[in-house]
Every structure is written in structure tokens, then in C-alpha cells.
Amino acid sequence: MRGLLRRFAENPAATAGLIMLAAILFAALTASFFFPGDPMAPRGAPLLPPDGRFPFGTDMLGRDVLAGVFHGARVSLLIGFLSAIVSVLIGVVVGAAAGFFDGAVDDVLVRVTEFFQTIPSFIFAILLVAILTPGVTSIIVAIAVVTWPPIARLARTEFMALRSRQFVEAAVLAGVPRLRIISREILPNAVTPLIVMGSLLVATAILTESSLSFLGLGDPNHISWGYMIGSSRTVFRQAWWLSVFPGCAIVLTVLAINLVGEGLNDALNPHLKGRVKFES
Amino acid sequence: MRIEALNGIAGRFLIALMALMAVGIGLAKADPVRGGTLNSTLWPEPPGLIIGINLNAPTLLPATKIFEGLLTYDFNLNPEPMLAKSWEVSKDGLIYTFHLRHNVKWHDGAPFTSKDVVFSLTKFIPEVHSRSRATFKRVQVTAPDDYTVVVTLKEPYGPLLRSFDAISAPIVPAHIYEGTNYRDNPANRHPIGTGPFKFDEWKPGQYIHLVRNDDYYIKGEPYLDDIYYRFIPDSASRALALESGQVQLATQNDLELVDVKRLNSNPSLKVTTKGWEWGSPISWLEMNIRRKPFDDVRFRKAVMYALDRNFIRDTIFFGFAKVATGPIHSSSPFYTDDVTKYAYDPAKAKALLDEMGLKPDADGVRVKIGLLGLPYGEMWDRLSQYIKQALGAVGVEVTLQPSDVAGWGNRIANWDVDMSTTYLTTLSDPALGVARTYLTDNQKKGVLFTNTSGYSNPEVDKLFAEAASLPDQDKRKALYDKAQKILTDQVALAWLVELQWPTVYSAKLKNVVINGLGPNGNFASAYFEK
Amino acid sequence: MRVAGFLLQWIVKALAVVLAITILNFFLLRLAPGDPAMVMAGEAGSADQTFLDQVRHEYGLDKPLPAQLAIYVEKVFTINLGESYRFHRPVAAMLLERLPATLLLTGTAYAFALILGPLLGALAAMRPRSLLDRAISVLSLFFYATPIFWIGLLLILLFSVRLGWLPPFGMHGFIPPDGLLAQALDTLQHLLLPAFTLGLFYIAVYIRLTRASMLETAGLEYVKTARAKGLPEWRVATAHILRTALLPIITFAGLQAGQLVGGALVVETVFAWPGIGRLAFDALFQRDYNLLLGVFLLSSLMVVFFNMLTDVVLRLADPRVGARA
């Protein structure tokens, strides 16, 4: 563990990412302190350019953009982390089952995974959100449903590799129940690459949420960065501040998470430095 | 200056002088000139061009240049000749006689006769036209000769004379449609009408092209050589295309109102909000009276007091709206402003809610309700956001329920909603466009644009029924006045604003908006100033 | 024989995908609240029961769901995608009209990314931890973290609104100029911003992929041997490292290519580009079931096709792949 921390801290990019992420978390946690009340409530005249009172300006209903950026951090991070967690859960369950039980189960699950990878993921996500009606929950579900297949593949590979290891074979021979083997013996050993991949998924999920919101499929009851850009698209030529500031928030957050994720990867697999899993 | 205030010789002299000046200005104006191509925006791409089979706004704009009605209507919705050169109505209001023009030809060269009118009014419209079906099922239509059409009613029906424009009663060629399946007719892809412009080409995803009808029945008209309706999918792009002169006309929802405000100051463009009198759209917040707490009139009044409709007009609609006072549009001859009014007064709203026993809890919340907003883009989303904030300020917590057009329509039609926002055209006569929203027997589950709120009042039902069946306009108005008073007093709906759809056009383009049909007119007299 | 077997395997796969996609999406679409009749009534601002019944009858929406599905599946296997509910035109024709625009956009973005990405990635990998490496890495990190639509908006602000150099939307000017060359130039002008926008994300991916892959390969035994034999560094880099490092890039490119339609949707929206992605988006909100199913089928088949292509290319590039499989 100490070695891990040391390796992580020696990586300047990862450290920078961690600091940025901490700042964004700070914004999310203190949003209600610095900007009490509903961030969706009008605070001043509409479309004020950035000045002393509203450093990020106001939007078309006179809402404070800075307050929106602070409060938006909550929804964006929430959606990012929750959908990544759900996605990893689905992926691990499917992948573990496929990797541990071979034969027919594996075959079916592999086909199902392949099939989900064949459907154009972003259009599929849009379809799901439209069917479930836009909201934080439906967005999380949609993102999880379209992102789990690579996790499942990774989990399957890890499980297949681990299953043939001696300590697992010994447990099987000793008659330990399969679920117990999976949860006690295999999962802890497979968890490292899954954490790395899951952390990168958080970034992907935040990007996807922003695109969905931009297309008008966000949750209007909760302010998010994508929603802020999407709901002011018609005036982006006149009022640049409405899209620039929330956009910067997205870029910094995603960048921070990617840096941390890679830092974790390098720290956990010192031998495979630089090798990164890519997800679309 | 108020002319009636001018008395005596000096006043009369002044009037004469002004009249002379008017003549002088008229003479100085150049005569219309032939030639030129009009480029208009059109969005979204329409599903078809046959009025009746489709009634979408983007169908009507180009199709009203191809198809015509017997009549058209001025800004006050008084009838003017089109395919009928004159008409009489019998004293009892039961028999309408139309005298048709003699020199009209269909775009395929066949002559236009009373046979086409009889076919359109008795077969085509009752079969396909969801909006006019009910009107024309009341009438019998006969043709004593090739150029006379007699429309007979069993009992008087006030709005009939306002139902003969190209949108309400398009005249289609009998020789092409009679005996066919109207919806599958190959001519639907290449429409044939009598109008000043002929269909030329539809390039999917790009444009609809109309060309001048050289055989048009008014000599010299139309002046334009052709019209392109171009599909530009993004409103900012449409505004840009107008500014750069690539298109010369845009209307209705083509432009974001924030852009219209900017275009208004461009000297090479003109903006008018006239020309939608036939439609007279009003937006409102509908409350499901079948559900609590909306069944209590005090709650509905509280909602009215809680909303600052001047703010809605100025900030959300950028001034292109007028605060609505009730169910009938202020441009209608049947409008009265002698109704119960609700100025913005949150304190009154709170008092009413208190009176109902809806006390605020620790968080200041008295009651929680849902709002299904009209899913027509950012502007309507902002309206929903504003309503949420305004009602929240008096302790009514609103949850916004996002949806798309299909989901929105489905929930409203099936009464599965607390509150919703919408706008609806109130049309040329209250019997056509207003009554449908309030009549008890028009509560039809599963059908959009009926009485979906569940409002029911036998007195109002009676007033609407009586007003529809009278031929005399003054008597009708008295009944509608009474209905307006009752409906506003009971807040059947929370009327928000009358929408003023802007038409933005090149300053060189003349005679675009010349009557109550506005951009849905036939453009026969439109021309470009050289 | 081996080629035939290979083809057969892919054809079976494609058919299975078609069937599964059709059934899944068919039921998903029907789950969405509201139907085409409601959309048409909504757009017309007018409705009565007769109208709704007529529309539902015309499209066969009044039949039970399994019957509707059976009809649709039967049609698809006779290569008939049916008619669009909204436009009353054959879905296949509408897809073919829009496909070239999407292929042009994504193809350009892709070509751009596949040339620049590996190039920059290789440059960065040649001198790890140098200033150049760091600059390229930072750049790619930023592109990778930026929402596509946001880049698009910023580029429009800069190049169209501020500088006025490039058109902000559409694929052609209003009045296409005369002559093929002039028309091509016109389209090229319109293409630059959207293709660049879409390409940036992929560039970022390929830079990182190439760099990582090359660094990994560079540590392998046979590269060390090559170096030890005294081969010039650039020969080692191109002949040994890059060739091996390309394999994951090809794999990834194949995977990505199939997702073209989805990726293009956002860019098509921002730039009002008349492609398939945007068509799908509008079709969804108009409940134009046939049209949307058509888009799903087409794009899924594209995924299968590109996966097959990748398989072929990988077999050619690295004979071990075939032997392993």
C-alpha cells in the first residue's frame, strides 16, 4: 500500500489530477454553502456578461452561472460515479459468470456481450433515455447499459486466467461453494484492473451525460453542466459565457479523472507503465 | 393622433390634407414588378403538401401557394374573394350561395368548376380534414350550374362563413382525387392546385421548389418567378441566412425570439407580428381539474396570482407576446376585456392557499405537484423553469416532467398529468377553436386538443352551444362575453400569453403579409422592389 | 475453402445480429410513450378520434404487437425496410440519401485522425519524457477530455462568428456554384469544421494508443536485438516497433468505425449536417418506427462489417491471429 502511494505521488500528472479532482469535489460539497438556495432561481437581470457581482455572468432567466457551475458539479459527478459503479457491477457479474462457468453459460454470455457491442452505443443511450423519460436515474441506467460490455470482457479474461491458478483449483477440489470462491478468492485478485477501468468509465460517463443533456435529454430538475450548455445553445453566439464556463468545468473534471485513473494504473501495474485501456 | 378628436373646419382640412398625402405616397410607390426568386425558411421538413391530410405548419406554408379556398380573410377576419368572386347568405343564415370565377384552371390544364368544390366540401374534407370535418358534416352542398355552389345548413351555424379559406377548406381537383384512396394518391407527391404557384420539385432534406403559374386567373399575377422553401435545421443558422440575405422570409417558430429582437434593428429586414389572425395562438397552463388540489377554484386562482405574466412576456417571449386575459384572443371580434383579471400578487396567492388549509411545512412547501412542459425547445423549457420558480415562491413545489411530443401528447390526452403547458390556435371563430377546450361533452379520453382539463359547467356549455347556432354577430358576441366572464372567474385554465409569431422578411419584399392569413396567404401579389 | 468458411461464419453472424437487433428495438420502441398518430396530431394542433384511428390503421398499429413484429421481420428478410411514417417514403431510399453525408463526415474525420494520431503518437514515443512528448501528451489529454459538441461550438464561435472564414452549418451553400470543382470546394469548406471537430477526439485516442503501444513494444526482446545489431534508430522505429504497435490501433479503429453513426450524431446536430445520425434522432422523437429501425439495422450491420474487416486486416498483418483463433 505504501509503495502504491509512493508510486502515485511520484507521478506529477496523477498528482495534478488528484488536486484538480479534490478542487471539484470541494466545489460540489460547498455549493450550498457558497450559493445557498436553488441554483435554478433567478438572481439578477437576464444575460448579464461576467462582472464583479456575477463573475461568470447570468443566463437567459437571470440565473447565476457560477452558482450553476458549483451545483452542477454535484449532478455531473453523481451521474459519473453512479453509472460507472452500475456498469462495473453489470460487467463483473456477466464477465465473472462467463469466465467461471465455461461451456454453454460462457457461450451465451459472450454472444450477449458481443451483441450489445454491436448496437451503436450513443444512439442506444438516447433511445433508452427517451423511453424511460429523461431524468437522473434514466441517464444513469442508459449509460450503464451501453458501457458494461468492455468491463464484462475484461472480467471474463481475468476470471479465466485466475480460475486455472492453483489456489482456486484447490478450493474447487476442496468443495468450497462456487459463489464463495468467486467472491472470496477470485474477485479480490481481479479487482485491480477493474478499478482502473471503472475510474476511466467515470470520465466517459460524465462526457456522455453532457452530450445527452446538450441534446435536450437532461433532467431539468437538477442543474448539470451539459444542461447549462444545452439550454443556452440558441444564444451561444451572443452570450459566450453560458457555454464556455460549464464546458471548462467538464474538461477539467474529465481530465482530472483520466489523470487519476492513469496514475492508478501505473501505480498498480508498475511493469505495464503507459498501457491504457481505451473505451469509446 | 386621434382623428375623431379633430373638430371644425380646421380638422376637416387636416383630414383632407392627410388623405391627399396618402394618395401622393401611393402614387410615388413603384408598381409591382415581375421577376425574382423568393427563398423562405421552412422547418421541420413537412410530411406532405396536401392540406387536410396534413395540417402541420410546415405543410401549410408552401401548400397555401398551391391550393386555394373559396374565400380568404382580412386582418379582422372579414371574408374576401378568392376562388369565389362573390357570395350571398340568406336572411335566416341557412343558405350560402357562392359564385365562382370562370377563368380558373388546375395546374394540369383542366378547368376548375363547381364539381371540384362539391367534391372537396362533401367528400375530401369530411374524410381527411380532422379540423374541418365537423363543420362540413353539417352542410349539404349542391351545384346548380358549373359556376355556382349552394351550401345549405339545417340550422344556423355562426362560424361557417369563416371556414372557407385554403387551410380550413382547401379545394382539390375532383378529376384527380374522386374515387381514389386520397391518402395514397400519386398526386400527393406532385400536388395539383389552382394557386398562383405550381409545385415543381421536392429535394428531400433540402428544399421544396414552387414555380410561377403562368395561367393564373388574375392577369399579371403572380409577380415572383419562383419560391424555394429551404429546410434549415438550426434556428441560429436561419437567423444568419436572413442576415446575409440568402433567405428573404421566415415566420412562426422559425426563429428564436432573442434573434428576432436583434434582426428587428437590421435596416435591410422587416419584422411584423400581423398575419396570424386566423390562428390566434394562446398559451396556457392547464390544470387537471379531476385531481386535487386543482379541483378547488381557490388553488387555480392562487396559481394565476403567483405567475408574473409580464415577466413571461418580456423575458421568456422577448416581448413577442401579449398577456392573455381569457379564452378568446384579443384580435377576435368576439373578444371582451370585461373579465376577471389576475394581476401578479404572490401575497394574494399565499392567502388563498392558506384559506384552503394548505399550510407550509418546515421547508415552506405546501403541496407538491408535477408539470409536464410543452417539449418544443429551449423557450418552452424556460417557461416551465419559470413556472416552477414562481409557484415555488408561494410554497407550491413543482417537479418538471420532461418528455417529447409523443409522450407529452399521450399523457395529456389520457388525463395522466397534474399540470401541463401548451399553446393552441384559437382559430377564426370561437365555435371552431375555443369551445373545444371547455365543452363538457368534448372530454374525449385519448384525443389531444379536446377538453383535457376536465372543466365542466352546464351554463358555459349552453352559452357556447347557443352562440354557435346564431347567425347574428352581435347576439353571438353577447353570449361569448358572458362565457368569457364565467371562464375567467373560475380559472378554467391559467391563460398565460397570446403568442405573436413574428414574420421576418427582406425590406425589398412587398405584399407578404396583406391579410389575416399572412404568410399562409397565396403570395399572388408579393413582389421584390427593384 | 478457408475463405468460404470465413465468409459463411460472418454471414451467419450478420443475420443473427439483424434478427436480434430488430426484435430488441422493435419492442423497445413500442415501450416509448405515445405513437406516430399522437405526434402527427400534436404537430397539426388538431385531432379527433377518427384521425387517430385512421393513422393507426394506415400503419397497422391497430394490429397486435406480435403480428406487427412478424410483418416487419418478414419484410426485413426480403430486404424491404418499409415506409417512413412521417414522410411516406421508402426508408431504404431515405437512408441512402443521408448515408453519403455521414460517410463523408466520419470518413474525413477518421482519415484525419488515423494519419495525424499515429504520427504524433510515434513522434512522442521516439523521445519519451522529452518536451515534445510532454506537449503532445498534454494536447491529447485535453482533446480526450473535451465534449465534442463543446469543441464544435467554440470552433463556430472562432472561425464563423469572429473570423468569418468558414460556414457554420450545412453541407452546401444555398445556391450551389457551377462546375464540379467549384461544388467540391464548396462542400470542402462546409466539411472542414465538423470533420475537424469529430476528428479531434479520435486523434487524441490514437496519439495515446500509438505512444503506449510503441513504448511497450520498444521494451520487447526482438527490438532490443535489432538495436544491438546496430540498425539505425529510425529503422528500428519504423520497421520493428511501429509495425507491431499498429496491431492494437487496427483493432481499435475497427471497433470504432462501427460506431460512426452514433459518434456523428452530436456533430451533425451542432453543424446541421444532413446525415444519418441526425435523421435517427428526429425519427425517434417523431416515433417514426420504421425509419428508426432502419437506422439501427444499417449501423449495426456496419459494425459487423467493420469487425469483419478488422479481422481480415489483422490476419493479413499478423498471421498468428488466424492461427490462434
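Please refer to the structure higher up on the page.
What counts, and where the lines are drawn
- Residues numbered from 1 in each chain as written.
- Chains lettered and ligands numbered in written order.
- Predicted model: local features only at pLDDT ≥ 70, side-chain atom pairs only at ≥ 80, totals over all residues.
- Heavy atoms only, no water.
- Helix = DSSP H or I, 4+ residues; strand = E, 2+ residues; numbered from the N terminus.
- Rg over C-alpha atoms; globule rule 2.2 N^0.38 Å.
- Buried < 20%, exposed > 50% of the residue type's maximum accessible area, 1.4 Å probe, protein only.
- Contact = heavy atoms within 4.5 Å.
- Areas by Shrake-Rupley, 256 points an atom, 1.4 Å probe, with all protein chains shown as cover.
- Lys, Arg positive; Asp, Glu negative; His and termini not counted.
- Charge placed at Lys NZ, Arg CZ, Asp CG, Glu CD.
- Axes fitted to C-alpha atoms, helices over the stretch in contact; angles between N-to-C directions.
- Parallel < 35°, antiparallel > 145°, perpendicular 65-115°, else oblique.
- Left-handed = near helix turned anticlockwise from the far one by under 90°.
- Nonpolar A, V, L, I, M, F, W, Y, C, P; charged D, E, K, R; others polar.
- Salt bridge = Lys/Arg side-chain N within 4 Å of Asp/Glu carboxyl O.
- Phe/Tyr/Trp six-rings, centres within 6.5 Å; stacked < 30°, edge-to-face > 60°.
- Lys NZ or Arg CZ within 6 Å of the ring centre and 35° of its normal.
- Polar contact = N/O pair within 3.5 Å; in protein donor to acceptor, adjacent residues only side chain to side chain.
- Pairing = 2+ DSSP bridges.
- Buried area = accessible area lost by both parts, 1.4 Å probe.

Any chance you could explain the overall build of chain B here in plain terms?
Along chain B, the regular secondary structure elements total 15 helices and 21 strands. Over its C-alpha trace chain B gives a radius of gyration of 24 Å, about what one expects of a compact globule, namely 24 Å for 530 residues. Taken along the three principal axes of its C-alpha coordinates, chain B extends 75 × 65 × 55 Å. Counting all 530 residues of chain B, 62% fall into the buried class. Sequence separation of 24 or more characterises 70% of the internal contacts of chain B that already satisfy a separation of 6 or more. Carbon and sulfur atoms form 52% of the exposed surface of chain B, whose accessible area is close to 20,100 Å². When the 59 positive and 59 negative side-chain charges of chain B are each reduced to one mean point, those points stand 2 Å apart.

Teacher, can you tell me more about the overall build of chain A here?
Scanning chain A for helices and strands turns up 10 helices and 0 strands. Secondary structure elements of chain A occur, N-terminal to C-terminal, as α-α-α-α-α-α-α-α-α-α. In terms of overall dimensions, chain A has C-alpha extents of about 75 × 45 × 30 Å along its principal axes. With 280 residues in all, chain A has 59% of them scored as buried.

Help me understand the packing of helix 6 (residues 131-144) of chain C against helix 8 (residues 180-218) of chain C in this model?
The relative placement of two packed helices is expressed as an angle between their axes plus a distance between the axes. Residue and element names in this part refer to chain C. Contact pair helix 6 / helix 8: the axes reach a minimum separation of 8 Å and the direction vectors enclose 135°. As the angle between them shows, helix 6 and helix 8 are arranged oblique. As for how helix 6 packs across helix 8, the hand of that crossing is left-handed. Counting all contacts with helix 6, which are made through Asp133, Ile136, Ser137, Ser140, Leu141, Phe143 and Tyr144, the residues of helix 8 involved are Leu200, Phe201, Ala204, Val205, Ile207, Arg208 and Arg211. Among the residues forming the contact of helix 6 with helix 8, the class breakdown is 9 nonpolar, 2 polar and 3 charged.

What should I look at first to understand the environment of valine 88 of chain A in this one?
Residue and element names in this part refer to chain A. Relative to the elements of secondary structure, valine 88 occurs in helix 3 (residues 65-100). Separated by 67 residues in the primary sequence, valine 88 and alanine 155 have C-alpha atoms spaced 9.4 Å apart. With near-sequence residues (within four places) excluded, valine 88 lies in contact with Ile151, Gly198 and Leu201.

Just to check I follow, could you spell out the side chain of glutamate 277 of chain B for this structure?
All names here are of chain B. Inspection of the secondary structure assignment puts glutamate 277 in the loop between strand 12 (269-272) and strand 13 (281-287). As a buried residue without a salt bridge, glutamate 277 has its nearest oppositely charged side chain in lysine 274, at a separation of 4.1 Å. Setting aside residues up to four positions removed in sequence, glutamate 277 forms contacts with Phe75, Leu77, Ser331, Asn515 and Gly516.

Looking at this structure, how should I read the packing of aromatic side chains?
Within the structure shown, the criterion is met by 45 aromatic pairs over all chains. Here phenylalanine 311 of chain B and tyrosine 386 of chain B contribute two aromatic rings whose centre-to-centre distance is 4.7 Å and whose plane-to-plane angle is 25°, an arrangement assigned as stacked. Note that phenylalanine 311 of chain B is positioned in helix 9 (residues 309-316) and tyrosine 386 of chain B in helix 11 (residues 378-393), a separation of 75 residues in sequence. Among the aromatic side chains, those forming a connected cluster through ring pairs are Trp276, Trp278, Phe317, Tyr376, Trp380, Tyr423 and Trp501 of chain B. The ring centre of phenylalanine 523 of chain B lies 4.3 Å from the NZ or CZ of lysine 65 of chain B, which sits over that ring. Against the face of tyrosine 144 of chain C rests arginine 208 of chain C, its NZ or CZ located 4.9 Å from the ring centre.

Would you explain the interface of chain A and chain C in this entry?
Where interface size is given, it is often the accessible area lost as the parts come together that is meant. At the junction of the two partners, chain A supplies 44 residues and chain C supplies 50 residues. At the boundary of chain A with chain C, the tally comes to 2 salt bridges. Linking glutamate 262 of chain A and arginine 208 of chain C is a salt bridge whose minimum nitrogen-to-oxygen distance equals 2.5 Å. Between the two partners, chain A and chain C, sit 2 residue pairs in polar contact (both at pLDDT 80 or more). Elements with a minimum of two residues in the side of chain A that touches chain C: helix 4 (104-118), helix 5 (121-132), helix 8 (178-217) and helix 10 (241-268) of chain A. The element best represented in the side of chain A that touches chain C is helix 10 of chain A, accounting for 11 residues. Each residue belonging to the side of chain A that touches chain C can be placed in one class, and the counts come to 27 nonpolar, 10 polar and 7 charged.

Just checking my understanding: could you explain the sheet that holds strand 14 (residues 321-323) of chain B for this structure?
Sheet strands line up and pair through hydrogen bonds in the backbone, either parallel or antiparallel. Residues and elements named next belong to chain B. Ordered by their spatial adjacency, 6 strands build an open sheet running 14-18-13-17-15-16, and the pairing between neighbours is mixed. Edge strands, defined here as strands with exactly one partner in the open sheet, are strand 14 and strand 16 (396-400). When strand polarity is set aside, the average angle formed by the axes of neighbouring strands in this sheet is 30°. Where strand 13 meets strand 17 (residues 419-425), 7 bridges bridge the pair, whose relative direction is antiparallel. Bridging across to strand 17, methionine 287 finds its partner in methionine 419.

What is the right way to look at the interface of chain A and chain B in this model?
Chain A puts 22 residues into the contact, and the matching count from chain B is 23 residues. A buried area of about 1,800 Å², summed over both sides, lies between chain A and chain B, and 55% of it is on carbon and sulfur atoms. Seen at the junction of chain A and chain B, the total is 0 salt bridges. The tally of links between chain A and chain B comes to 9 residue pairs in polar contact (both at pLDDT 80 or more). Grouping the amino acids of the side of chain A that touches chain B by side-chain chemistry returns 10 nonpolar, 8 polar and 4 charged.

Would you mind showing me how to read unusual backbone geometry here?
Comment: phi is negative for the bulk of residues other than glycine, and the bulk of peptide bonds are trans. All names here are of chain B. Following glutamate 221, the chain continues into proline 222 via a peptide bond in cis, with omega recorded as -5°. Note on placement: proline 222 falls in the loop between strand 9 (207-212) and strand 10 (226-231). A cis amide bond links lysine 292 with the next residue in sequence, proline 293, at an omega value of -5°. Locating proline 293 in the fold gives a position in the loop between strand 13 and helix 8 (297-306). In the Ramachandran plot, glutamine 252 falls in the positive-phi region, its phi being about 55° despite a non-glycine side chain. By the secondary structure assignment, glutamine 252 is in the loop between strand 11 (249-250) and helix 7 (257-263). Look at glutamine 252 and you get buried, because its relative accessible area is 11%. Unlike most non-glycine residues, serine 280 shows phi in positive territory, near 40°. Along the chain, serine 280 turns up in the loop between strand 12 and strand 13. For serine 280, a relative accessible area of 3% corresponds to the buried category.

Can you help me understand the sheet that holds strand 4 (residues 84-89) of chain B in this one?
Residue and element names in this part refer to chain B. With antiparallel pairing, the 4 strands of this open sheet are ordered in space as 4-5-7-6. Because the sheet does not close on itself, it has two edges, and the strands there are strand 4 and strand 6 (139-145). On average, each strand axis in the sheet is inclined to that of its neighbour by 20°, with strand direction left out of account. Alignment of strand 6 against strand 7 (residues 148-153), held across 5 bridges, turns out to be antiparallel. By the bridge assignment, aspartate 145 is partnered in strand 7 with threonine 148. Along the sheet, helix 3 (residues 114-128) contacts strand 5 (95-100), strand 6 and strand 7; its crossing angle with strand 6, the most-contacted strand, is approximately 170°.

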